[in-house]
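Listed here are the chains, written in short residue letters.
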Amino acid sequence: MDQLLGTIMVRTKAGMEQAALAKLSAFYKVYNPDFPFEYKFLDDDYQAQYIAEKRVAALSRYFSGLAMLISCLGLLGLTASHWKKEVKRSASGRCWVLPAAILYGCFPDHISCLYC
């Protein structure tokens, strides 16, 4: 709110900006001659905000893609760990269920164990 202290907002007609600025500058110098007359257009602020929002959107896209890549690598590692345990279990002579039996919709109660 401090940045708006001493700020006046003026609405002008399209194409009349320079004439309004000249009148405001003259008015300002009469009542406050020791300070410079500074102005900016609200369109510039909106444009800066729009550019910042586009930057945030681009960063969000990149980081969400990175998060998906990391999660896929985690799933790959989890799958590799699971199959490594399954291979160890099959080598030890324990029961090992074929993945094809799972694909056919069989439940673990109805699948017979295979021994190597």
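Residues numbered from 1 in each chain as written. Predicted model: local features only at pLDDT ≥ 70, side-chain atom pairs only at ≥ 80, totals over all residues. Heavy atoms only, no water.

Caption draft 1: Representation of the overall build of the protein in the model. Helix and strand counts for the protein stand at three helices and zero strands. Going through the 116 residues of the protein one by one, you find that 6% of them count as buried. (Helix = DSSP H or I, 4+ residues; strand = E, 2+ residues; numbered from the N terminus. Buried < 20%, exposed > 50% of the residue type's maximum accessible area, 1.4 Å probe, protein only.)

Caption draft 2: Region of the structure containing the layout of surface pockets. Roughly 1,200 Å³ of volume is contained in the largest pocket. Along its surface, the largest pocket is lined by 27 residues, and T7, I8, M9, Y39 and K40 are the ones closest to its centre. Listing elements by their share of the lining of the largest pocket, those giving two or more residues are α1 (17-31) and α2 (42-91). At seven residues, the largest contribution of residues to the lining of the largest pocket is made by α1. Per-class residue counts for the lining of the largest pocket are 16 nonpolar, five polar and six charged. (1 Å grid on protein atoms, 1.4 Å probe; cavity = no way out; pocket = protein on both sides within 12 Å on 5 of 7 lines; lining within 4 Å. Points joined across faces, edges and corners; volume = space filled by probe spheres on them. Nonpolar A, V, L, I, M, F, W, Y, C, P; charged D, E, K, R; others polar.)

Caption draft 3: Just the packing of aromatic side chains, in detail. Counted under the stated rule, the structure contains four aromatic pairs. With a centroid separation of 5.9 Å and 80° between ring planes, the pair formed by Y39 and F41 is classed as edge-to-face. Grouped by ring-pair contacts, the aromatic residues Y28, F37, Y39 and F41 constitute a single cluster. (Phe/Tyr/Trp six-rings, centres within 6.5 Å; stacked < 30°, edge-to-face > 60°.)

Caption draft 4: Molecular detail of a nonpolar patch on the surface. A grouping of L59, Y62, F63, L66, L69, I70, L73 and L76 is seen on the molecular surface, where their side chains present a nonpolar patch of about 880 Å² in accessible area. Tracing the backbone through its elements, the reader meets Y62 in helix α2. (Patch = residues over 30% accessible without salt bridge, like charges linked within 9 Å, V, L, I, M, F, W, Y side chains within 5 Å. Areas by Shrake-Rupley, 256 points an atom, 1.4 Å probe, with all protein chains shown as cover. Salt bridge = Lys/Arg side-chain N within 4 Å of Asp/Glu carboxyl O.)

Caption draft 5: A look at the confidence of the model for the protein. Chain-level pLDDT for the protein is 80 on average; 72% of the residues reach the 70-or-more range. Averaged pLDDT values over the elements of the protein bottom out at 53 in helix α3 (residues 99-103) and peak at 91 in α2. (pLDDT = per-residue confidence, 0-100.)

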